[in-house]
Number of protein chains: 2
Amino acid sequence: MANTFKCGLAPERWERLRQVLRQHRVVRVEDLCRELRASPATVRRDLAHLEKLGEVKRVHGGAVCIDSSLGEPVFEAKASISTEEKRRIARAALEYIEPGDTIYLDGGSTVLELARLLRDRTNIIVVTNSLRAASELAGQGPRLILIGGELRRISQTLVGPLTRWVLQELHLDKAFMGTMGLSLEAGLTTTDPSEAFTKELVMGQVRRVILLADSTKAGRVSFARAGRLENVHVLITDKQFDKALARQLAKKGIEVVRV
Amino acid sequence: MANTFKCGLAPERWERLRQVLRQHRVVRVEDLCRELRASPATVRRDLAHLEKLGEVKRVHGGAVCIDSSLGEPVFEAKASISTEEKRRIARAALEYIEPGDTIYLDGGSTVLELARLLRDRTNIIVVTNSLRAASELAGQGPRLILIGGELRRISQTLVGPLTRWVLQELHLDKAFMGTMGLSLEAGLTTTDPSEAFTKELVMGQVRRVILLADSTKAGRVSFARAGRLENVHVLITDKQFDKALARQLAKKGIEVVRV
DNA sequence: ATTTTTCTGATTGACTTTGATTGAATTCGC
DNA sequence: GCGAATTCAATCAAAGTCAATCAGAAAAAT
């Protein structure tokens, strides 16, 4: 039985079902019957269909919204596989944080790992543009400041010209930055210009830049320039990081840590 | 609408259980029965289920929270019970949003309901200081701008002097505000001064202030002044709102909508 | 217009969940 | 350590919910 949809009223009902579901998160069949003016059998069929599409999870008595299409931080956190490398890098970065520091956390999965390790550290101030990092520290943790800005959905970070205004008010001790590409010629690069704009802003404002980048970033060049190597003080990476590149970076005065 | 007090869906109950657990850290079965309106047998079954998921540790008489799975704010947002009143108020507020608007969403549960209804509205720009509202719109939705600031954990909002800098760069058409107290003498009041500071900042910056407040706020006075009644243009509330107060507010030029 | 196909809603028996009961296990007071 | 009180797990009946099937209605195709 192939999926040949004859468009009757069904798609319209699905859309309304989606709407109800988005709003309530969990719905019971009984309520949907009233809401959609359909029989329980039809509602169940619709739910079964949406479940096959991966949009809902059916449970006894109704269904719950699958947040995958919503892209909530929870889902992202689940999806982002925290590799052992990234976690090791993050743990090494912890060593650079001292009591009383005001630190900046950039977007990116490696830095996110670092954020997770900061939940007990109440003697520092964390500044970030990453909604995911903020989520990690939203329940408990150090003082947390978000710089304002427009949400870039794909990275869940706040970017753009607005970020400038809060940043200029703050004095940052250390910034833990991520990057998409790291090369001798192009320096730090990332995919999005407004993301790059904010990164450069931060790096111009902070006393010490600590770059967290796993070995896959070595030699890569992405679209937009996000900073110069001259601004980087420490690079924390893993053992697989290209050795020649590491030596040249060290020669440029960057402290390279491989864990 | 004669909402049947039938037993909720299992996942719903789990979510509330998680919430209680997060708040109290340890819970007794007896208390959960009252809180979840379920029998001891069901509560035990639920606890056994959550234990299998590794979220709680069962002990004699109840259960304790496993810390590692703690502190995800998304759960709180999800768990916040949205009463029918609040949802109705939010739905009424939708009428005030026009294509092209730049609107501000304040913190508070009623406004959060409104945020949930805005996921399809891509023809507006949403500005907010509420991390929960941002979470609702993080996956999909209109352009989203967070004003910067320091996180106030209890309300999950960004507050304080830093909020000023992004706000002054923005031109807002309508602000949907929440409040803790609303009275003729004290105007709008809230519990936290820095929260109040940000609220006043917003209300001074926006063309039209639309207050969403259920009837429990009527006549209440909280700690810090968060705005004058003169700045409020529309009040959307429920049918139970004190009638005398409503009339006096109307006399002051406020459009009072009761849904 | 008729046939074919798809969709809907009702019926039925099977399954799941819930709450009460009862005997076993655990904790607390002495 | 022993007994009383509480709490737990297992079982069962009742209620609710589900999937399968079938007949009729609506739409599409001929």
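The structure displayed is predicted, hence computed values, not measured ones.

J.: Give me the overall build of chain A: which residues, what numbers.
T.: The helix and strand tally for chain A stands at 10 helices and 15 strands. Among the 259 residues that make up chain A, the fraction classed as buried is 55%. A sequence separation of at least 24 residues applies to 59% of the contacts in chain A between residues at least 6 apart. Carbon and sulfur atoms provide 52% of the accessible area of chain A, an area that totals close to 11,900 Å².

J.: I'd like a rundown of the pattern of salt bridges, residues and numbers included.
T.: Under the criterion given, the structure shown has 42 salt bridges over all chains. The salt bridge partner of Arg18(A) is Glu15(A), with a shortest N-O separation of 3.3 Å. Of the two residues, Arg18(A) and Glu15(A) are both situated in helix α1 (residues 10–24); the distance of three residues between them amounts to about one turn of the helix. Here Glu15(A) falls in the partly exposed class, since its relative accessible area comes to 35%. Its salt-bridge partner being Arg207(A), residue Asp173(A) comes within 3.6 Å of it at the nearest N-O pair. Of this pair, Asp173(A) sits in strand β9 (residues 172–177) while Arg207(A) is found in strand β12 (residues 206–212), placing the two residues 34 residues apart along the sequence. The class of Asp173(A) is buried, set by a relative accessible area of 15%. One network of salt bridges, with partners in common, ties together Arg25(A), Glu113(B), Arg116(B), Arg119(B) and Glu136(B).

J.: Go over the protein's contact with DNA strand C, please, and point to the residues and values.
T.: Every one of the 16 residues lining DNA strand C counts as a neighbour, but Arg13(A), Arg45(A), Arg13(B), Thr42(B) and Arg45(B) are closest to it. Taken together, the sugar and phosphate atoms account for 67% of what DNA strand C places within 4 Å of the protein. A distance of 2.7 Å separates a phosphate oxygen of DNA strand C from a polar atom in the side chain of Thr42(A). Arg45(A) has a polar side-chain atom sitting 2.5 Å from a base nitrogen of DNA strand C. Taken together, the elements giving at least two residues each to the surface near DNA strand C come down to α3 (40–52) of chain A together with α3 (40–52) of chain B. Looking at side-chain class alone, the surface near DNA strand C contains four nonpolar, seven polar and five charged residues.

J.: An account of the sheet that holds strand β11 (residues 187–190) of chain B is needed here, citing residue identities and associated values.
T.: Residues and elements named next belong to chain B. Within the open sheet, the three strands sit side by side as β10-β11-β13. Their pairing is antiparallel. Edge strands, defined here as strands with exactly one partner in the open sheet, are β10 (181–183) and β13 (224–227). On average, each strand axis in the sheet is tilted by 40° relative to the strand beside it, whichever way the strands run. Pairing of β11 with β13 involves three bridges; the strand directions are antiparallel. Of the residues in β13, the one forming a bridge with Thr190 is Ala224. Strands in contact with helix α9 (residues 193–203) are β11 and β13; relative to β13, the strand with the most contacts, it is inclined by about 15°.

Rules and cut-offs
- Residues numbered from 1 in each chain as written.
- Chains lettered and ligands numbered in written order.
- Predicted model: local features only at pLDDT ≥ 70, side-chain atom pairs only at ≥ 80, totals over all residues.
- Heavy atoms only, no water.
- Helix = DSSP H or I, 4+ residues; strand = E, 2+ residues; numbered from the N terminus.
- Buried < 20%, exposed > 50% of the residue type's maximum accessible area, 1.4 Å probe, protein only.
- Contact = heavy atoms within 4.5 Å.
- Areas by Shrake-Rupley, 256 points an atom, 1.4 Å probe, with all protein chains shown as cover.
- Salt bridge = Lys/Arg side-chain N within 4 Å of Asp/Glu carboxyl O.
- Near = heavy atom within 4 Å.
- Polar contact = N/O pair within 3.5 Å; in protein donor to acceptor, adjacent residues only side chain to side chain.
- Nonpolar A, V, L, I, M, F, W, Y, C, P; charged D, E, K, R; others polar.
- Pairing = 2+ DSSP bridges.
- Axes fitted to C-alpha atoms, helices over the stretch in contact; angles between N-to-C directions.

The values are spatial; any link to function lies outside them.
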